[in-house]
2 protein chains.
Amino acid sequence: MATTELTATITDAEWRVMRIVWTLGQADSHTIIDLLVRQHDWKPATIKTLIGRLVKKGALGTTKDGRQYIYHPLIAEQAAMDTALATELNQMCAMCRGKAFVHAIDETELSQDDIQTLISHLQKKLTTAPTAVSCDCLPADYEGSC
Amino acid sequence: MATTELTATITDAEWRVMRIVWTLGQADSHTIIDLLVRQHDWKPATIKTLIGRLVKKGALGTTKDGRQYIYHPLIAEQAAMDTALATELNQMCAMCRGKAFVHAIDETELSQDDIQTLISHLQKKLTTAPTAVSCDCLPADYEGSC
DNA sequence: ACTCCACGTTTACAGTTGTAAACTCAATTT
DNA sequence: AAATTGAGTTTACAACTGTAAACGTGGAGT
């Protein structure tokens with residue numbers, strides 16, 4: 001049941017499948033298909049394809065249960081989320097990430113506990129934070145270096 | 001110079017081009033190509049393709065300057081970042097977004113000002129925050145509803 | 001005026017992704 | 001035992017991406 005590090009990335013459509021399995025802990029294809037058909041306009045065949053790809057890329061594991069399989073996650077949900085978010089942020093200008101966080105936090109519904117955790121992490125972070133983070137969009141040696 | 005709302009999405013490789021133009025405000029292709037060749041192992045031809053695609057999808061505008069073009073952004077950097085981040089977050093379980101933020105903030109270098117802005121936004125947000133945010137990975141009516 | 005250069009455009013091509021039908025078998029039903 | 005069902009696998013196919021070469025043409029240099 002140890003979750004592994006994933007090499008390949010999970011695509012948008014595949015995320016929908018993973019979320020079902022993450023939330024249920026494990027599920028057979030009938031359950032996954034049934035739930036996703038209700039959430040999207042996907043045909044069962046589409047969902048079968050996605051499940052197959054996730055198994056092939058090592059995001060889902062299988063256990064034989066009589067005639068069918070039970071699928072379970074081979075990667076942790078929080079780890080996948082952290083990686084996806086970090087990848088997205090790393091592609092953006094370092095100087096602008098702070099403002100992006102502000103906007104994202106304004107727009108995201110967060111629980112009181114989450115907010116308090118964030119505040120305390122930020123307060124600790126403040127003690128060692130730099131005065132400014134500089135733009136990293138140009139080569140370091142560029143004349144107008146931002 | 002008014003930045004527009006973008007229909008199509010900017011791909012990872014295209015982001016690199018946009019960051020150059022955003023940072024410089026405007027640039028001719030020679031400058032863009034020169035800078036990106038130094039940052040990546042891209043051939044000039046590759047960068048020309050990316051510029052062309054960005055113009056076609058309305059992310060970059062052109063101004064004729066004698067024999068060549070000057071490119072300038074048609075979408076705002078911060079808006080693009082906000083949209084990209086929101087899209088990424090919306091694909092994740094609502095219940096887990098808070099923890100994802102904590103991890104992302106721990107791993108991101110932020111300036112003192114940014115941190116203080118975040119803290120104050122969070123403190124204000126705390127006053128109206130729900131006790132908990134529930135998982136939205138399954139259809140609302142599902143038996144085991146998370 | 002002729003040549004060359006370089007800028008933007010066209011074409012190329014394999015891999016990924018979204019979307020889905022068709023097919024293969026083992027198991028269940030009649 | 002034959003027919004049916006349904007789970008997983010194969011095949012399909014267009015659009016999007018990353019990566020890049022080839023091409024056409026209007027100026028710059030001679």
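Refer to the structure above for everything that follows.
First things first, this report covers the structure right here in the doc. (Residues numbered from 1 in each chain as written. Chains lettered and ligands numbered in written order. Predicted model: local features only at pLDDT ≥ 70, side-chain atom pairs only at ≥ 80, totals over all residues. Heavy atoms only, no water.)

### Concerning the packing of helix H4 (residues 77–90) of chain A against helix H4 (residues 77–90) of chain B
Right, so step 1: At their nearest, the axes of H4 of chain A and H4 of chain B sit 10 Å apart, and the two run at 170° to each other. Compared by their axis directions, H4 of chain A and H4 of chain B come out roughly antiparallel. Along its contact with H4 of chain A, which presents Ala-84, Leu-85, Glu-88 and Leu-89 of chain A, the element H4 of chain B presents Ala-84, Leu-85, Glu-88 and Leu-89 of chain B.
Right, so step 2: Considering only residue class, the contact of H4 of chain A with H4 of chain B consists of six nonpolar, no polar and two charged. (Axes fitted to C-alpha atoms, helices over the stretch in contact; angles between N-to-C directions. Helix = DSSP H or I, 4+ residues; strand = E, 2+ residues; numbered from the N terminus. Parallel < 35°, antiparallel > 145°, perpendicular 65-115°, else oblique. Contact = heavy atoms within 4.5 Å. Nonpolar A, V, L, I, M, F, W, Y, C, P; charged D, E, K, R; others polar.)

### Considerations on the protein's contact with DNA strand D
Right, so step 1: In the neighbourhood of DNA strand D, 18 residues make up the surrounding shell, with Ser-29 and Tyr-69 of chain A together with Thr-11, Thr-49 and Arg-53 of chain B lying closest.
Right, so step 2: Near-protein atoms of DNA strand D (within 4 Å) split between backbone and bases, with sugar and phosphate holding 57%.
Right, so step 3: Arg-53 of chain B places a polar side-chain atom, nitrogen or oxygen, 2.9 Å from a base nitrogen of DNA strand D.
Right, so step 4: Within the side chain of Arg-67 of chain B, an N or O atom sits 3.0 Å from a phosphate oxygen of DNA strand D. (Near = heavy atom within 4 Å. Polar contact = N/O pair within 3.5 Å; in protein donor to acceptor, adjacent residues only side chain to side chain.)

### Side note on the protein's contact with DNA strand C
Right, so step 1: Around DNA strand C there are 17 residues in total, and Thr-11, Thr-49 and Arg-53 of chain A together with Ser-29 and Tyr-69 of chain B lie nearest to it.
Right, so step 2: Of what DNA strand C places within 4 Å of the protein, 57% of the atoms are sugar or phosphate.
Right, so step 3: With respect to DNA strand C, the backbone of Ala-13 of chain A contributes an N or O atom lying 3.1 Å from a phosphate oxygen.
Right, so step 4: The contact in question runs from a base oxygen of DNA strand C to an N or O atom on the side chain of Lys-48 of chain B, over 3.0 Å.
Right, so step 5: Mapped onto the surface near DNA strand C, the elements with two or more residues apiece are helix H1 (12–24) and helix H3 (44–56) of chain A together with helix H3 (44–56) and strand S3 (68–73) of chain B.
Right, so step 6: Take the surface near DNA strand C: its biggest share by element is four residues, from H3 of chain A.

### Digging into the packing of aromatic side chains
Right, so step 1: Overall, the coordinates contain five aromatic pairs over all chains when judged by the stated rule.
Right, so step 2: Measuring from centroid to centroid gives 6.4 Å for Phe-101 of chain A and Phe-101 of chain B, while their planes differ by 55°, and the two rings are tilted. Pair noted here: Phe-101 of chain A is in helix H5 (residues 97–107) and Phe-101 of chain B is in helix H5 (residues 97–107), and the two residues belong to different chains. Phe-101 of chain B carries the same exposure label as Phe-101 of chain A, and that label is buried.
Right, so step 3: Ring centres 5.5 Å apart and planes at 65° place the aromatic pair Trp-15 of chain B and Trp-22 of chain B in the edge-to-face group. Trp-22 of chain B carries the same exposure label as Trp-15 of chain B, and that label is buried. (Phe/Tyr/Trp six-rings, centres within 6.5 Å; stacked < 30°, edge-to-face > 60°. Buried < 20%, exposed > 50% of the residue type's maximum accessible area, 1.4 Å probe, protein only.)

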